[in-house]
Amino acid sequence: MVKRVNLGVFLPVINDGWIISKTSPKFMPSFALNRDICESARRIGFSYVFAMGKWRGFGGEIDFWKYQLESMTLMTGLAAVVPDLHMIASISPALIHPAVFAKMAATMDDVAGGRIGINIVSAGNRDEYAQMGLFPENFEQYRYDYTEEWLTIVKRLWSEDSVTFDGTYFTLDDCQSFPHPRRGGLPVVCATSSERGFAFIAAHCTDGFFGGTTVEAKKARSLRIKEVAAERGRDVRTHTLISLVLGDTDEEAQRIHRHYLDGADQEAIANIYNLRAREKTEASLAILEERKQEDARLFYGGLPVIGGPETVAALIEELAVDGGLDGIMFIFPDFLIGLARFNDLVMPLLRQRGFDFGTPADLGLPG
Ligand SMILES: Cc1cc2nc3c(=O)[nH]c(=O)nc-3n(C[C@H](O)[C@H](O)[C@H](O)COP(=O)(O)O)c2cc1C
């Protein structure tokens, strides 16, 4: 039986990637770096790249994520110079009117020849929006309702000639937006760990993304997202992200990991966790609970997988087969070196295990 997993890269739109350490690789986010990463990913058979939307860093000795490229504009530029790869750009409805966004997305769709999808960020991190005065009181309680109204308008503008709308948050009067995207819409995905988010995916998205700091949690989330979608008669794909520390052997990977741990930026880590604790949303508290382990705290947002090629290939198989995951998106300490080593060391083992890697065409038709 052929097994299939789509491979993706979580692009470093931020300085220094996802390891909160003084001893991990250091780099600035740039168009040139991200273009080279896309080229490499494409060459070795990855299907997609994903750029998150970030608006504020976390300080600490390494100034963690002080620098952030904007996701939509970066992806438009990348789509113009990198063929074939599917691209997912992120947008926060809290920051932009739906009619402005609908036209920007249709323009991106034209530049990318239909290869762009949109990740909807429902504003989980208060400080990023509060610094602009764009996190209204109690927004965490109604952010998904707001997002649903926003997305309903966007999808209508993508497909209808004129939209008149009188909602809770927006009013439109004979609002027009041409040209429409070429397939009548763009694929929409969402990254979430909450039941409310899963319901949003089931109702509106082609694909669901999620984090999680144990393999068991990831498998359970994938199956749960598919279950919630199935209850609505829909089929959605699931993807997770992994921070990969790949060694020639398990021992070497552990050595590299200890080196990063020795340089852990405790100040930045404390800043991140204090912010989460202050938000006190159901989702942020669940994340805090999951990340009590030291290993997980060193890596922002993703399960660290620390191992040699066999360990990594076995884990990917477990996620794809037992968890029904359709895609895995990778974070590397150094992306260009990491991709090349993944190609040399892990992809042959996955092929031996009967995997093929999907193509961009497997991803994202408008839902
Ligand atoms: C793969 C992935 C991508 C994400 N992308 C973003 C992003 O672009 N911007 C952001 O602020 N949060 C991002 N996050 C974090 C959450 O999606 C975001 O905080 C969301 O609002 C949390 O929703 P929830 O409370 O329903 O879990 C991402 C998480 C994952 C796992």
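The coordinates are above.
Here the structure is a predicted model, which is why all the values come from computation and not from measurement. (Residues numbered from 1 in each chain as written. Predicted model: local features only at pLDDT ≥ 70, side-chain atom pairs only at ≥ 80, totals over all residues. Heavy atoms only, no water.)

A. Representation of the overall build of the protein. The secondary structure content of the protein amounts to 13 helices and 13 strands. With respect to the three principal axes, the spread of C-alpha positions in the protein is 65 × 45 × 40 Å. Looking at the protein as a whole, 55% of its 367 residues qualify as buried. The contacts in the protein between residues at least 6 apart in sequence include a share of 76% that link residues at least 24 apart. For the protein, the exposed surface amounts to about 14,600 Å²; the carbon and sulfur share of it is 51%. Charged side chains of the protein number 38 positive and 49 negative; the gap between the two group centres comes to 1 Å. (Helix = DSSP H or I, 4+ residues; strand = E, 2+ residues; numbered from the N terminus. Buried < 20%, exposed > 50% of the residue type's maximum accessible area, 1.4 Å probe, protein only. Contact = heavy atoms within 4.5 Å. Areas by Shrake-Rupley, 256 points an atom, 1.4 Å probe, with all protein chains shown as cover. Lys, Arg positive; Asp, Glu negative; His and termini not counted. Charge placed at Lys NZ, Arg CZ, Asp CG, Glu CD.)

B. Inspection of the site of the ligand at higher detail. The ligand sits among 25 residues. The nearest are R143, Y144, A191, T192 and S194. In this structure, S90 approaches the ligand through a side-chain N or O atom, which is 3.4 Å from an oxygen atom. In the model, an oxygen atom of the ligand is placed 2.6 Å from a nitrogen or oxygen of the Y144 side chain. Considered on its own, the ligand offers 630 Å² of accessible surface; in the complex 89% of this is hidden by protein. Listed by contribution, the elements that provide at least two residues to the shell around the ligand are α5 (139-159) and β9 (207-210). Of the residues belonging to the shell around the ligand, the class tally is 12 nonpolar, 10 polar and 3 charged. (Near = heavy atom within 4 Å. Polar contact = N/O pair within 3.5 Å; in protein donor to acceptor, adjacent residues only side chain to side chain. Nonpolar A, V, L, I, M, F, W, Y, C, P; charged D, E, K, R; others polar.)

C. Quick look at helix α6 (residues 195-204). The complete set of buried residues in α6 reads G197, F198, F200, I201, A202 and H204. The inward-facing, buried residues of α6 contact β5 (116-120), α5, β8 (188-191), β9 and α7 (215-231).

D. Looking closely at the packing of aromatic side chains. Applying the stated criterion across every chain yields a total of 29 aromatic pairs. Taking 6.2 Å as the distance between ring centres and 55° as the angle between the ring planes, the aromatic pair formed by W18 and F335 counts as tilted. A residue pair is termed long-range when its members are at least 10 positions apart, and W18 in the loop between β2 (6-10) and α1 (31-44) and F335 in helix α13 (residues 335-352) qualify at 317 residues. F335 shares its class with W18; the two are buried. Between F58 and Y300 the ring centres are 5.6 Å apart and the planes differ by 35°, which places this aromatic pair in the tilted class. (Phe/Tyr/Trp six-rings, centres within 6.5 Å; stacked < 30°, edge-to-face > 60°.)

E. Highlighting the nonpolar core. If you look at the biggest cluster of nonpolar residues, it comprises 120 residues, and the most contacted ones within it are F46, M75, F101, F330 and F342. Take this core: its biggest share by element is 9 residues, from α5. In this view, F330 contacts L7, G8, V9, F10, F46, I242, L244, I316, F335 and F342; residues no more than four positions away in its chain are not counted. (Core = buried A, V, L, I, M, F, W, Y, C linked by side-chain atoms within 4.5 Å.)

F. Focus on the pairing of strand β7 (residues 171-175). With 3 bridges connecting them, strand β6 (residues 163-166) and β7 associate as antiparallel partners. Residue D166 lies in a different strand from β7, and its bridge partner there is T171. Between β6 and β7, which follow one another and run antiparallel, lie 4 residues. (Pairing = 2+ DSSP bridges.)

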